[in-house]
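Structural characterization, general
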Amino acid sequence: MKRIIKKVAILGSGVMGSRIACHFAHIGCEVLLLDIIPRELSAAEQAKGKTLNDADVRNRVVNEALQAALKSNPSPIYKKAFATRIKTGNFDDNMKDIASCDWVLEAVIERLDIKRMVYEQVEKYRKAGTLITTNTSGIPMHLLAEGRSEDFKKNFCGTHFFNPPRYLKLLELIPAPETHSDVIDFLLDYGEKQLGKTTIFCKDTPAFIANRIGVYSIMALFHLVEKMDLTVEEVDKLTGPVLGRPKSATFRTCDVVGLDTLIHVANGLTANCPNDEARELFALPAYVSKLSENKWLGDKTGQGFYKKVKGADGKSEILALDLKTMEYRPQQKVKFATLEQTKPIDNLRERMKVLVAGKDKAGEFYRTSFFGLFSYVANRIPEIADEIYKIDQALNAGFGWEIGPFEVWDALGVNETVTQMEAAGHAVAPWIKEMLAQGNTSFYKNENGIAKYYDQQSKSYKTIPGTESLIILDLIRPTKTIWKNSGTTLTDIGDCILNLEFHTKMNTIGGEVLQGVNTAIEKAEKEFRGLVISNEGSNFSAGANLGMVFMLAVEQEWDELDFAVRAFQNTMMRIRYSSIPVVVAPHNMALGGSCEMCLHADAVVAHAETYMGLVEFGVGVIPGGGGTKEFALRLSDEIHEGDVELNAFRNRFLTIGQAKVSTSAHEAFDLGYLRHGTDHVVVSRARLAAEAKAKAVQLAEAGYVAPVQRTDIRVLGQSALGLAYIGANSMRSGNYISDHDVKISQKMAWVLCGGELSQPTLVSEQYLLDLEREVFLSLCSERKSLERMQSILTGGKILRN
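Conventions adopted
Residues numbered from 1 in each chain as written. Predicted model: local features only at pLDDT ≥ 70, side-chain atom pairs only at ≥ 80, totals over all residues. Heavy atoms only, no water. Phe/Tyr/Trp six-rings, centres within 6.5 Å; stacked < 30°, edge-to-face > 60°. Helix = DSSP H or I, 4+ residues; strand = E, 2+ residues; numbered from the N terminus. Lys NZ or Arg CZ within 6 Å of the ring centre and 35° of its normal. Expected span 1.5 Å × (residues − 1). Buried < 20%, exposed > 50% of the residue type's maximum accessible area, 1.4 Å probe, protein only. 1 Å grid on protein atoms, 1.4 Å probe; cavity = no way out; pocket = protein on both sides within 12 Å on 5 of 7 lines; lining within 4 Å. Points joined across faces, edges and corners; volume = space filled by probe spheres on them. Nonpolar A, V, L, I, M, F, W, Y, C, P; charged D, E, K, R; others polar. pLDDT = per-residue confidence, 0-100. Contact = heavy atoms within 4.5 Å. Core = buried A, V, L, I, M, F, W, Y, C linked by side-chain atoms within 4.5 Å. Pairing = 2+ DSSP bridges. Axes fitted to C-alpha atoms, helices over the stretch in contact; angles between N-to-C directions. Salt bridge = Lys/Arg side-chain N within 4 Å of Asp/Glu carboxyl O. Polar contact = N/O pair within 3.5 Å; in protein donor to acceptor, adjacent residues only side chain to side chain.

Points about the packing of aromatic side chains
Evaluation of the coordinates by the stated rule reveals 29 aromatic pairs. Taking 6.1 Å as the distance between ring centres and 70 degrees as the angle between the ring planes, the aromatic pair formed by Phe222 and Tyr287 counts as edge-to-face. Taken as a pair, Phe222 in helix H10 (residues 210–228) and Tyr287 in helix H14 (residues 286–293) lie far apart in primary sequence, 65 residues in all. The ring of Phe82 carries Arg85 above its face, with NZ or CZ at 4.2 Å from the centroid. Stacked on the ring of Trp401, the Lys or Arg Arg245 has its end atom at 3.6 Å from the ring centre.

With respect to helix H9 (residues 181–193)
In this model, H9 (13 residues) spans 19 Å end to end at C-alpha, consistent with the 18 Å of a helix rising 1.5 Å per residue. Within H9 the residues assigned to the buried category are Val183, Ile184, Phe186, Leu187, Tyr190, Gly191 and Glu192.

What about the layout of surface pockets?
Volume-wise, the second largest pocket comes out at about 760 Å³. Lining the second largest pocket are 38 residues, with Gly543, Ala544, Asn545, Leu546 and Val549 sitting closest to its centre. Put simply, the parts of the chain that give the lining of the second largest pocket at least two residues each are helix H23 (511–527), helix H24 (546–554), helix H25 (558–577), helix H26 (593–599) and helix H34 (783–793). Residue contributions to the lining of the second largest pocket peak at seven residues, all from H25. A per-class count over the lining of the second largest pocket returns 23 nonpolar, 11 polar and four charged.

Digging into the confidence of the model for the protein
Averaged over every residue, the pLDDT of the protein is 95; residues scoring 70 or more account for 99%. Predicted confidence is poor over residues 797–801, with pLDDT under 50, and the contacts of this stretch with residues over four places away or in other chains come to nine contacts.

Regarding the nonpolar core
Counting residues in hydrophobic clusters, the biggest one holds 121 residues, and the most contacted among them are Phe305, Tyr366, Trp431 and Ile432. Of all hydrophobic cores here, the second largest spans 82 residues; its members include Ala524, Ile639, Phe653 and Tyr673.

Points about the sheet that holds strand S7 (residues 170–175)
Across the sheet, which stays open at both edges, the eight strands sit in the order S3-S2-S1-S4-S5-S6-S7-S8 with mixed pairing between neighbours. Of all the strands in the sheet, the pair left with one neighbour each is strand S3 (86–90) and strand S8 (198–201). Strand-to-strand twist in this sheet, taken as the mean axis angle between neighbours without regard to direction, amounts to 25 degrees. The sheet contact formed by S7 and S8 spans four bridges and is parallel.

Details of the pattern of salt bridges
All chains considered together, the criterion is met by 57 salt bridges. Between Asp455 and Lys462 there is a salt bridge whose closest N-O contact spans 3.6 Å. A network of salt bridges, in which partner residues are shared, links Arg212, Asp276, Glu277, Arg380 and Glu383.

So, the pairing of strand S12 (residues 444–447)
Both S12 and strand S13 (residues 450–455) contribute to a ladder of four bridges, which runs antiparallel. In the sheet register, Asn446 faces S13, and the bridge partner there is Ala451. Where S12 folds back on S13, the antiparallel hairpin that results is connected by two residues, among which Asn448 adopts a positive phi of roughly 55 degrees.

Focus: the side chain of Arg126
Residue position: Arg126 is located in the loop between helix H6 (112–125) and strand S5 (131–134). A polar atom in the side chain of Arg126 sits 2.8 Å from the backbone oxygen of Thr130. For Arg126, the side chain forms a polar contact with the side chain of Asp151, separated by 2.7 Å. Setting aside its immediate chain neighbours within four residues, Arg126 contacts Ile98, Ile132, Asp151, Phe152 and Asn155.

Re the environment of Glu512
Mapped onto the elements of the fold, Glu512 is located in helix H23. Separated by 274 residues in sequence, Glu512 and Leu238 place their C-alpha atoms 34 Å apart. Discounting residues that sit within four places of it in the chain, Glu512 has contacts with Asn485, Ser486, Gly487, Thr488 and Thr504.

A few points about the sheet that holds strand S16 (residues 488–492)
Taken in spatial order, the seven strands line up as S15-S16-S17-S18-S19-S21-S23 in an open sheet, and their pairing is mixed. Every interior strand has two partners, whereas the edge strands, strand S15 (481–484) and strand S23 (680–682), have only one. Neighbour-to-neighbour, the strand axes of the sheet open up by a mean angle of 25 degrees, direction not taken into account. When strand S17 (residues 497–502) meets strand S18 (residues 530–533), the two strands line up parallel, connected through four bridges. When the sheet's bridge partners are listed, Leu498 is paired in S18 with Leu531. The strands that helix H30 (residues 688–701) touches are S17, S18, strand S19 (582–584), strand S21 (603–607) and S23; relative to S21, the one it contacts most, it runs at about 165 degrees.

Here's what the structure looks like:
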């Protein structure tokens, strides 16, 4: 049957249920969120004379849960307005309303008896053929499906989201014994394309895939901490970004998630995995048991491995737990020689080799933890998964690891590592030795741009399913690169479309990137149909190379700085007025100069998690790569005569003046960075480049014609300039901004208004670019601007000669 998901019911509004509801709402679904009715009135309700029969009382649990989720930081929803798609209710009054839903997703407490009671009610009202799934993190599917109707069973499975659903991309699909294959096929496709998830088909084994390996890793580390006498700070330093893992690392992550959650999963594995060779590691170390006894469970109880306190001066301080004394103390700085050696190494896989080869305590830690992890994951094939890539993908998407355990093993060299493991007393799974004996020395390989994995059952390499339709630059770069320089690579991605990627530090835009853009457009105009600008870095780009601007300004090389700014502006205009369509595909940070690049593209295909903004004001200057000009142009296109135009001017002025950054791609539309009808949002990060390419092809096949440079931009002159001056001075009078902020504000307004014009006037793009560059250079000569740049470049320190 063809399934169309328009309306989803979420049963249970706890931490997971309310946030899953938000996730469905922000992809466009209508959501019905239900929970229990309260058993007694709150004090506030009693004071108002309410009764348990009042509608607002009956929906108090669900409404408070949803509001708590919407107020949480980071936000669970792309845009607050999307929350209007969520309708709340309760199980008693509104369960009947699930009859109109295409998908019923149960997310109540992890108790089999309660879930079965909910399913009894669901059976009364659910429309036959619709999806019914559970967000359980570990209860076996066959127990949940037991006693249900035939239609329920064949449309039932597990859909295990990870918290927070917006940011952790894993969705585990777990079939029940009678789940119809069409249900799984649909959810695999829907999960990836519509929900933006790394969607993995799992076996119905304890804790499924991600938690089975992830919790093993944490519990093994808990025991290793005791054995090696490590501190909380040392462990978090060793297991965070240096390993390509989240900043919260290990102990901070436990505090965020809740130690009780981890203990619950660990206890479940102890009870349900009697034959697990690492079963003893799931037993709680003494210090973890003590934390549990004390109810020091992390953020939810105000303290865990860390505790936030206020000092005598009123300033907040985060203390760390001493695992020996079980007392909190000021955090200690951590320094290991091995970590120092890795600082210059940006490539994670190369960094791994240095970490494991370390001769100090850090090196010993990495060898012990990695060798144990490698042994454990190899033994889980085929118990929890038949394919190795599922384990890696689950850890990447569910725990935020950049590379999974088999990928790390590859980076270190499988053969060499096996030798080291056996020398250290770690068992190696027979299938690994068999793989090596056959001459297969890696778990993954790139075969003519196709990602393949070693399949333990067939003893051969197979294509990773789903990757065929994706554009994975790491795979095609070796054979499809047609040009490159020190900061960019230009690749043929098929269908006569090129892709330009950056690989500078934080993908900042300097001379090498500008050269790359101009070369890419030149080559595309001669031999191709279009150009995509995308990359696979952690962020699209942090913006222009601030260090270069600062050095030229400090040395007072004004001609060179003028040349550099002019080159940036000209490159942005080249993007706008090339004879081929240029599509920019940003993700995560797209700040400053990279935001200006998006502003000049023919179309932007943005990942939903795009944080876009013109942030130059905070550096002490204005957007100088065409961003200020572009805001004046867009302002001209959207305003009309009268007061409305001043309101529109104020909004554009404040967006730049307050260096506003969107919290999602959807919010970027509201801030004026993205355009309705031209730019669009993609939820799946994996599909971003492919969608951008499709847009470039569409524009080319529609008969793309280069636009004509604008000479009809209506700027407002002194009327709006006066408004900006008054506003800036008022803010200064209230001590909201500094004298230098006033100066930047007035100069920025001068550009947006077209300079000293007595009345609204039509001007050209080049006229505005010249004003923009003039102001940018003048601000670079200001001491306060240079101090701001220096502070950012030196991590907050102002260095004085």
